[in-house]
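Examination of the molecular architecture
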Protein chains: 2
Amino acid sequence: MADRKPIESTSTAQDPLKQKGLSVTGSRRKILQLFMQQKGALSHRDIEKKAGAVFDRVTIYRTLQTFLDKGIIHAIPSAGNAVRYALCQGQCGPGHHDHQHIHFICSRCKHTFCLDHSVTPDLHLPKGYQAQDIDVLVKGVCQQCSTTSK
Amino acid sequence: MADRKPIESTSTAQDPLKQKGLSVTGSRRKILQLFMQQKGALSHRDIEKKAGAVFDRVTIYRTLQTFLDKGIIHAIPSAGNAVRYALCQGQCGPGHHDHQHIHFICSRCKHTFCLDHSVTPDLHLPKGYQAQDIDVLVKGVCQQCSTTSK
DNA sequence: TACAAAAAAGCAACAAAGTTGCAAAAATCT
DNA sequence: AGATTTTTGCAACTTTGTTGCTTTTTTGTA
Ligand SMILES: [Mn+2]
Ligand SMILES: [Mn+2]
Ligand SMILES: [Zn+2]
Ligand SMILES: [Zn+2]
């Protein structure tokens, strides 16, 4: 007896990963935790840095893909080559994402935020175009940056 | 005399490149032409393929950057790693882009379109957030794909 | 038209981002 | 605790994007 401590599970069944039907591993725990500790969205690169050199790059890619598949995180498009990811709010699940909020990209601090209480507006599309999914990206100055300094 | 044919210039001054203050070169001509022949948006990759192996990859990157700077094309964000580009409509210029249209990404044919006569809607943002620029991305089925077949 | 100056293209080398197959390790199930 | 399934790490590779430098092309001017 004495040590063993498989992965440090609080109780057992109410693990958020378990609930989504995922096995609980160190990298998944850590990456999920990073998202939860974070106000803004994270890129693959951000995670690599924040996690330290503990996990392989490939593991991070695969974990992000798994989280996407299970409806735990969603991808936020970007010009430039830096897709970012953020936690889903609740109605998402395996193979099914449903987001109605706006994404805000601060041109000062460069962070990306989910504006959780915003709603994507109704759009008028030309005849023949059928919308399935809408992403609204707003670039500007975030709350933090517009109050802090200048 | 006989041949020389510097770059095949129709008349001289009314070249769209000249008008934007750019020198006229083979790659700029060709790439601009590709955009004009095209209904949808083009990625760097698309251009590489359509241009054949005539131009160096680096030249294409630099040409795209130049066109962006001069307000000739605009970048369309994307999840996944494939930023696309499309011609600007007119009010754009050096260091200044102003677009009010919606971008439509067809999940069937995978093409990206500028919906030129659409308008980005007014948004209600939380207090403290100041919008500078808005991108609306709609994923769905395009006109072509929704009439053609099925 | 010819020449000098300025700009762009091509090349090479590199950096960053993303993918795949496979063997070892860890998590789960019984 | 042991067998089974899943995930991880590693290596090798592809794709995408960047930078410095030299050669070539374009442009403006004589
Ligand atoms: Mn979001
Ligand atoms: Mn457009
Ligand atoms: Zn900010
Ligand atoms: Zn289509």
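Above this text is the structure in question.
Residues numbered from 1 in each chain as written. Chains lettered and ligands numbered in written order. Predicted model: local features only at pLDDT ≥ 70, side-chain atom pairs only at ≥ 80, totals over all residues. Heavy atoms only, no water.

So, the coordination of the manganese ion (ligand 2)
All names here are of chain B.
- Around the manganese ion (ligand 2), the protein supplies His74 (NE2), His101 (NE2), His103 (NE2) and Cys114 (SG) as donor atoms, at distances of 2.0 to 2.2 Å.
- Each donor residue of the manganese ion (ligand 2) belongs to the same chain, and together they define the spacing H-x26-H-x1-H-x10-C. Taken together, the positions of His101 in the loop between strand 3 (84-87) and strand 4 (102-106) and Cys114 in strand 5 (residues 112-115) put the pair 13 residues apart, joining distant regions of the chain. When sorted by exposure, His101 lands in the same class as Cys114, which is buried. (Donors = N, O, S within 2.8 Å, 3.2 Å for Na, K, Ca; no water. Helix = DSSP H or I, 4+ residues; strand = E, 2+ residues; numbered from the N terminus. Buried < 20%, exposed > 50% of the residue type's maximum accessible area, 1.4 Å probe, protein only.)

Comments concerning the environment of Phe55 of chain B
Residue and element names in this part refer to chain B.
- Within the secondary structure, Phe55 is located in the loop between helix 3 (44-50) and helix 4 (57-69).
- Through-space distance from the C-alpha of Phe55 to that of Gln132 is 36 Å; in sequence the pair is 77 residues apart.
- When sequence neighbours within four positions are dropped, the list of residues in contact with Phe55 reads Gly26, Ser27, Lys30 and Ile60. (Contact = heavy atoms within 4.5 Å.)

What to know about empty space enclosed by the protein
All names here are of chain B.
- Scanning the entire structure with this criterion turns up one cavity of 30 Å³ or more.
- Looking at the largest cavity, its volume works out to about 30 Å³.
- Together, Ile76, Pro77, Ser78, Ala82, Arg84, Ile105 and Thr112 line the largest cavity.
- In terms of residue class, the lining of the largest cavity is made up of four nonpolar, two polar and one charged. (1 Å grid on protein atoms, 1.4 Å probe; cavity = no way out; pocket = protein on both sides within 12 Å on 5 of 7 lines; lining within 4 Å. Points joined across faces, edges and corners; volume = space filled by probe spheres on them. Nonpolar A, V, L, I, M, F, W, Y, C, P; charged D, E, K, R; others polar.)

Quick look at the nonpolar core
- Grouped together as the largest cluster of nonpolar side chains are 18 residues, with contacts concentrated most on Phe35, Ile47, Leu64, Phe67, Ile73 and Tyr85 of chain A.
- Mapped onto this core, the elements with two or more residues apiece are helix 2 (26-37) and helix 4 (57-70) of chain A.
- Sequence-distant contacts of Ile73 of chain A, that is, excluding residues within four places in its chain, are made with Phe35, Leu64, Phe67, Leu68, Tyr85, Ala86, Leu87, Cys88 and His97 of chain A.
- Core analysis: the next-biggest nonpolar cluster, separate from the first, contains 17 residues, Ile31, Phe35, Ala51 and Ile73 of chain B among them. (Core = buried A, V, L, I, M, F, W, Y, C linked by side-chain atoms within 4.5 Å.)

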